[in-house]
Amino acid sequence: MRSTPSHKQLPSRSINVLILLPYLILLPYLILFSLNGCTSHAERETNTLAICGNASISRDQFDSRQSAVFTRYGLPDNAQTRLQLIESMIDEQLWLAEAERLGYDTDRTARRHRSRLEDRVLLDMYSREFVLPSIQVSESELQELFIRFNTRVTVRHLFAQTFAQAIELKQRLLNGESFEGLAREVFETPELRNNGGLIGPFTVDEMEPAFEEAAYSLPLHEISEPVALEHGFSVMQVVSRVRTPILTEQEFVSRRNQMRQYLRSRKQPEVLQAHVDSVRRQVLHVEFNRDQLNRFFDAVQDAEQAEGPILPVLEQAITNPREELFHTRDRSYSIRETITLLRKASSSELGWIADAVDLENLIAGLLVRDHMLRFAHRNRLDRSNEYRQAVREEMENYLLGRVQDSILTSYEIPFDTLEAFYANNPGIFERNEAIRLNGIMLDEGVSSDQVMVALNSGEPFGDVASRYSSHRESASRSGDLGYFSRSRLGPAVMPVWDLSPGEWIGPVEMDNRQTGFFQVTERRESYLPPLEEIITEVETEYRSNCRHIIVYSCTSEFRARTDIQVFSDRLLQQTEHQEEGRI
């Protein structure tokens, strides 16, 4: 997992081996045999390696999983690892049986999920068949990657939520402020707050691609332009780049194929985006009515503020459903038809809409997606064994996650367990020093003079906020915006941190082209809330952090009530032949 250089703790590289974990830690030769006399049929089926209740695990299933798991984690092929893997596959079958018992495989939620994953699998196959083969990797790119793999970089960086905040941070650095001082403003993570945003040394594939590219390309000690990350922006300075002193041709040759695969993987997003753009412009010819699009976006924003799902609210609110919003080479689309098209978007995709351009790209992207799916169906990709197997595996992964999440939320945790977890992890629950703010937000073009006159005349800040603020939710609470830690305040609002309760600042030019006035109403020191106040939060955190413990406990219960048999002689037969060959 790549690290994201954000305002939160940088995650370490990790691999989720939840199902394998108990057997990698506990007894390696844990084999449970059934004594129920239901083995005679299975013994005749030489392709069956294990029976778990009403399910069985075939040699083909095992071989497929073994190839993927052993290659990914670099595990040796021996008796111990084979037994561990078959036991983990049995555990999966136990959980899948529980999901089936609860009806999670056939209910409406499952059907909707299956439909989406069928499209996703088909789109993946389309990409592999018709798009990704065009990726080329040059010799010079391999040589450059080889050098980067043997170079470790250390940088200082500052994180910003928006481009405007990043530009302001860069300017403050150019004006002489230090990374150390600014890091204490922008980071919540103690390590980054205290070390001036220092990250590294790191090498290839340990950070986000954009962050990594800038770190390897930027001249030493130069302050970068804002680097767009997956979530936010970074302003960085390369402190050092240390290269392995001796690089041999033999090492380059030995890693050539691995590096070629890696580069092909890194190029995939760019190539796929280029293909999507090509279909959109050269095949479909998507053209929008700009004025109509802007009005439609305003309607979407209003629907987001209302109660209930966005699309039904939007459908009820529109007054011109038959008007054309956009057209393609073949047809035009009305606003009502566009809303129907948007029903194919996920909730997260709808949540990405921040402006009219985002809305346009989402609509066009859905059209391109439909075109690619139709093309894949015409070429019968959905009739292949690869497609059916991928859908089955994806659906099983979904069911495993769903049934485990369901049981995790209902699993009863003793109070003394929560008490011990709270006592041993105070840093998780400690509340940072914070200030409570009132705010008055004025949209672009609205004069701040009236607000200034009212506040300077002594009128209560909350009354002025109720009358003038465009932020309707906080205005209904006399301007109350809630608590803010230091790191949550953007650079423009940072001066409010030094105010005493009752003092205010403004007008402040915000990044979203609004003007703001802010008043401190309360200052709260850092503290650890008593367990009784945050028992729900502690329980939620425990379920998240101790998921593997709960899963293992439930798995043990399933095993205790299920007939299980492993045909270890068949499972180990190939291993024995391999060992004889080595002798």
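All residue numbers refer to position in the chain's written sequence, counted from 1. Totals for whole chains, interfaces and linings use all residues, but because this is a predicted model, local features are given only for residues with pLDDT of at least 70 and pairs of side-chain atoms are given and counted only at 80 or more. Heavy atoms throughout the structure, all of them, feed into the side-chain values; hydrogens and water do not.

Asks: Even after reading the chapter, I still don't get the overall build of the protein chain, so can you show me in this structure?
Replies: Strands here are runs of E lasting at least two residues and helices are runs of H or I lasting at least four, both read from the DSSP assignment and numbered beginning at the N terminus. Summing up its helical and strand segments, the protein chain has 26 helices and 14 strands in all. Long-range pairs, those at least 24 residues apart, make up 73% of the contacts in the protein chain between residues at least 6 apart in sequence. A 1.4 Å probe and the Shrake-Rupley method give the accessible areas. Residues count as covered only by the protein chains that appear here. A total accessible area of about 32100 Å² is found for the protein chain, and carbon and sulfur atoms account for 48% of it. When checking whether two residues touch, look at their non-hydrogen atoms; a contact exists if any pair is within 4.5 Å.

Asks: Would you mind going over the sheet that holds strand β13 (residues 515-524) with me for this structure?
Replies: Strands belonging to one sheet form pairs held by backbone hydrogen bonds; the direction of such a pair is parallel or antiparallel. Two strands are counted as paired when DSSP detects at least two bridges linking them. Pairing is antiparallel in the open sheet, where four strands are placed in the order β11-β10-β13-β12. The sheet terminates laterally at β11 (480-485) and β12 (504-509), the two strands that pair on one side only. On average, each strand axis in the sheet is tilted by 35° relative to the strand beside it, whichever way the strands run. With five bridges joining them, strand β10 (residues 434-442) and β11 adopt antiparallel strand pairing. Directly across from I435, in β11, lies its bridge partner F484. Relative to β12, helix α21 (residues 449-456) is tilted by about 175°, and along the sheet it contacts β10, β12 and β13. A fitted line through C-alpha atoms serves as each axis, taken over the contacting stretch for helices, and the angle formed by two N-to-C directions is quoted from 0 to 180°.

Asks: Hey, could you run me through the pairing of β10 in this one?
Replies: Note on strand geometry: in a regular strand, side chains alternate between the two faces of the sheet. Counting buried residues in β10 gives eight out of nine residues, a clear majority hidden from the surface. Pairing analysis gives nine bridges linking β10 to β13, with the strands arranged antiparallel. For M441, the partnering residue across the bridge sits in β13 and is G516. Here's how the labels work: a residue is buried when its accessible area is under 20% of the maximum for its type, exposed when over 50%, partly exposed in between, all with a 1.4 Å probe on protein chains only.

Asks: Is there a simple way to explain the pattern of salt bridges in this structure?
Replies: Charged atoms that come close allow side chains of opposite charge to pair. Between Lys or Arg on one side and Asp or Glu on the other, a salt bridge is scored when a side-chain nitrogen of the former is within 4 Å of a carboxyl oxygen of the latter. Tallying each qualifying case throughout the model produces 34 salt bridges. The residue R148 makes a salt bridge to E213 at a minimum N-O spacing of 2.9 Å. Here the residue R148 occupies a position in helix α6 (residues 139-149), and E213 occupies one in helix α10 (residues 209-217), the gap between them amounting to 65 residues. On the accessibility criterion, R148 (12% relative accessible area) is buried. Of the residues examined, E213 reaches a relative accessible area of 38% and is grouped as partly exposed. A salt bridge links E225 to K170, with the nearest nitrogen and oxygen atoms 2.4 Å apart. On the criterion of sequence distance, the pair formed by E225 in the loop between α10 and β5 (227-228) and K170 in helix α7 (residues 163-174) is long-range, its members being 55 residues apart.

Asks: What should I look at first to understand the packing of helix α5 (residues 108-131) against helix α18 (residues 385-410) in this one?
Replies: Each pair of packed helices can be described by the angle between their axes along with the distance between the axes. At a minimum axis distance of 9 Å, the contact between α5 and α18 shows a crossing angle of 135°. Judged by the angle between their axes, α5 and α18 are oblique. α18 is crossed by α5, and the crossing has right-handed handedness. Each of T109, A110, H113, R114, L117, E118, R120, V121, L122, M125 and R128 in α5 lies in contact with α18, whose residues at this interface are E386, Y387, A390, V391, E394, M395, Y398 and R402. Here the word oblique covers every angle except those under 35 degrees (roughly parallel), over 145 (roughly antiparallel) and from 65 to 115 (roughly perpendicular). By convention the crossing between two helices is left-handed if the near helix lies anticlockwise of the far one by an angle smaller than a right angle, and right-handed if it lies clockwise.

Asks: Before we go on, may I ask you to explain the packing of aromatic side chains in this structure?
Replies: The geometry of an aromatic ring pair is captured by the separation of the ring centres together with the interplanar angle, meaning the angle of the planes. For this analysis, a ring pair means two rings from Phe, Tyr or Trp (six-membered ring only for Trp) whose centres lie within 6.5 Å, classed as stacked if their planes differ by under 30 degrees, edge-to-face if by over 60, and tilted for the remaining angles. Counting across every chain of the model gives 14 aromatic pairs. Each ring, one from F202 and one from F211, has its centre 6.1 Å from the other, and the planes form 45°; the classification is tilted. Among the residues examined, F211 registers a relative accessible area of 0% and is labelled buried. Here the aromatic rings of Y422 and F429 are separated by 6.0 Å at their centres, their planes lie at 35°, and the arrangement is tilted.

Asks: What's the story with helix α19 (residues 415-424) in this structure? I'm lost.
Replies: Because the α-helix completes a turn every 3.6 residues, residues three or four places apart line up on one side. Within α19 the residues assigned to the buried category are L418, F421 and Y422. Across the axial projection of α19, the buried residues extend over an arc of 100°, all falling on one side. Relative to its buried face, α19 has exposed residues pointing more than 90 degrees away, namely D416, A423 and N424. Against α20 (426-429) and α24 (535-545) lie the buried residues of α19. In this description, one arc is meant: the one made by directions from the helix axis to the C-beta atoms.

Asks: Please explain the nonpolar core as it appears in this structure.
Replies: The tendency in soluble globular proteins is for nonpolar side chains to be buried as a group. Formed by 85 residues in total, the largest nonpolar core has its most connected members in F296, F326, L342 and L359. Here this core takes ten residues from helix α17 (residues 356-378), the largest share from any one element. Filtering out sequence-adjacent residues up to four positions away, F326 remains in contact with V286, E287, F288, S332, Y333, T338, L341, I363 and L367. For the purposes of this section, nonpolar cores are sets of buried Ala, Val, Leu, Ile, Met, Phe, Trp, Tyr and Cys residues that join through side-chain atoms within 4.5 Å. Among the nonpolar cores identified, the runner-up in size contains 38 residues, and V155, L158, V227 and F233 belong to it.

Asks: Even after reading the chapter, I still don't get the side chain of H157, so can you show me in this structure?
Replies: Inspection of the secondary structure puts H157 in strand β3 (residues 151-160). Within polar-contact distance, the side chain of H157 engages the side chain of S234 at 2.8 Å. We define a polar contact as two N or O atoms separated by no more than 3.5 Å, with the added condition that, inside protein, one atom must be a possible hydrogen donor and the other a possible acceptor, whereas residues neighbouring each other in sequence contribute only through side-chain atom pairs.

Asks: For this particular structure, what's the right way to read unusual backbone geometry?
Replies: Among all residues save glycine, negative phi is the norm, and among peptide bonds the norm is trans. The omega torsion of the bond from G200 to P201 falls at 0°, within 30 degrees of zero and hence cis. In this chain, G506 is followed by P507 through a cis amide linkage whose omega measures 0°. Assignment of secondary structure puts P507 in strand β12. Phi is positive for H221, which is not a glycine, with a value near 70°. Positioned with a positive phi, H285 is a non-glycine residue whose angle comes to about 55°. Its location among the elements puts H285 in the loop between α12 (256-284) and β7 (287-288). Classification of H285 as partly exposed rests on a relative accessible area of 32%.

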